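# A look at the structure
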Amino acid sequence: MCDNWKLTAELFGSLISRPRMTEKHLTKPPFRYLADIVLETISVTGYAQGLYEGDDLVSKAITDRDAKVLWLDKIIKVTCYAKGEKIDIKATKVIAGLEPEKTNSFLQIMHECATSGKDTSKIVAKVRAKLEGVAQKQEEDDGKTAAAAEDEEEKEKEAERRRRAAEKKRRQEEKAEQERLAKEQEEQAERERAAEEESRAADKDRRRKEKEEEKKRRADEKRRAEEKAAADEEEAAAATASKQKNRVERPTTASKRPAKVSSNTKEVDSRIDKSRVPQGVIRDDDDDDDDNDMIIQNEDNDALGS
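Residues numbered from 1 in each chain as written. Predicted model: local features only at pLDDT ≥ 70, side-chain atom pairs only at ≥ 80, totals over all residues. Heavy atoms only, no water.

Attention shifts here to unusual backbone geometry. Here the amide bond leading from Arg18 into Pro19 is cis, since omega sits at 0 degrees, within 30 degrees of zero. By the element assignment, Pro19 lies in the loop between α1 (5–13) and α2 (23–27). Within the chain, Ala48 stands out as a residue other than glycine whose phi angle is a positive 55 degrees. Position of Ala48 relative to the elements: it lies in the loop between α3 (31–45) and α4 (65–83). Under the relative-accessibility criterion, Ala48 is labelled buried at 1%. (Helix = DSSP H or I, 4+ residues; strand = E, 2+ residues; numbered from the N terminus. Buried < 20%, exposed > 50% of the residue type's maximum accessible area, 1.4 Å probe, protein only.)

Put into structure tokens, the structure is as follows:
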């Protein structure tokens, strides 16, 4: 809460015509408002004449924060030298709108120095030399800092380029490794497929050979069976033919012996003339004839009968 703004308004209200002294601006004075008060006071009283030049004489032209701080530092230092004591105020806080009581206290001290009629030309020269030297040094430092910053930035950029290059190389190597592994897997799969196809082909060929061998075996068995059947049939036919031939060449009775006359008939038939005994009848006292003689006799009989 700023309570001393009214005294400031009273003092400057009777000294300058503009800007207008209002509670709104004095309780939290903005930079442009303060700059207008200072410039108008210099113009009316000649206090700190020559302290500002060029754009510094136009409050609205001062927009940069550092330029505002430097601008306020000039009038603060001149007033401190003119008063002969240090004033409790900081330009940075004034710019930020802080500590408005201290800002109003400073304006009241400046009003006192400005209306005292004290010559401030030497003070102005001293302050300008000091601040300009500081400003020049600051510029040099800023230049060095900027150069160092640029150098550091360049180093960071170079490091970033190297990092990206390394990252790119790593990704390329990873990609190459993945491609190599994929190729190896594909080749392995191709080898496995070829081996499987070869195995299937071998199995197929083996089954084909087995089928052919089985077919050949069955054909051989069939041929042997047919040959055996033919041989059996031929043998049976030969046997049948032989039997039929035997039936033609030898009567069914040829192999039978003629009935023998018993010994009892010997006496009874003793009176029978042997020359009248039918051929083919064997008597007890006759010798056994062989079968060939019988067959010849039968053949003769057949010839006679025909």
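The final tally for this structure, using the stated rule, is 0 disulfides. Its sulfur unpaired, Cys113 is 9.0 Å from the next cysteine sulfur, which belongs to Cys80. By relative accessible area, which is 7% here, Cys113 ends up buried. (Disulfide = S-S within 2.5 Å.)

This part is about the nonpolar core. In globular proteins that are soluble, nonpolar side chains generally tend to be buried together. In this structure, Tyr47, Trp71 and Ile75 are the most contacted members of the largest nonpolar core, which totals 43 residues. Those elements giving two or more residues to this core turn out to be α1, α3, α4, α5 (91–95), α6 (100–114) and α7 (121–249). With residues near it in sequence (within four places) discarded, Trp71 still touches Phe31, Ala35, Val38, Leu39, Tyr52, Asp56 and Ile62. (Core = buried A, V, L, I, M, F, W, Y, C linked by side-chain atoms within 4.5 Å. Contact = heavy atoms within 4.5 Å.)

Once that is clear, we can look at the environment of Lys86. Relative to the helices and strands, Lys86 is located in the loop between α4 and α5. Spatially, the C-alpha atom of Lys86 lies 9.2 Å from that of Ile76, the residues being 10 residues apart in sequence.

Summarising the element assignment, Cys2 is placed in the segment before α1. For the pair formed by Cys2 and Thr103, sequence separation is 101 residues and the distance between their alpha carbons is 9.8 Å. Residues contacting Cys2, with those up to four places away along its chain left out, are Leu26, Thr27, Pro100, Glu101 and Asn104.

Two numbers describe how α1 lies on α6: the axes approach to 9 Å, and their chain directions differ by 30 degrees. When the interaxial angle is binned, α1 and α6 end up roughly parallel. Of the two possible hands of crossing, α1 and α6 adopt the one that is left-handed. For the pair α1 and α6, the contacting residues are Trp5, Leu7, Thr8, Leu11 and Phe12 in the first and Asn104, Leu107, Gln108, Met110 and His111 in the second. Considering only residue class, the contact of α1 with α6 consists of 6 nonpolar, 4 polar and no charged. (Axes fitted to C-alpha atoms, helices over the stretch in contact; angles between N-to-C directions. Parallel < 35°, antiparallel > 145°, perpendicular 65-115°, else oblique. Left-handed = near helix turned anticlockwise from the far one by under 90°. Nonpolar A, V, L, I, M, F, W, Y, C, P; charged D, E, K, R; others polar.)

On to the confidence of the model for the protein chain. Averaged over all residues, the pLDDT of the protein chain equals 82, while 76% of them reach at least 70. In this model, residues 265–270 is a region of pLDDT below 50 whose contacts with residues beyond four sequence positions or in other chains number 1 contact. (pLDDT = per-residue confidence, 0-100.)

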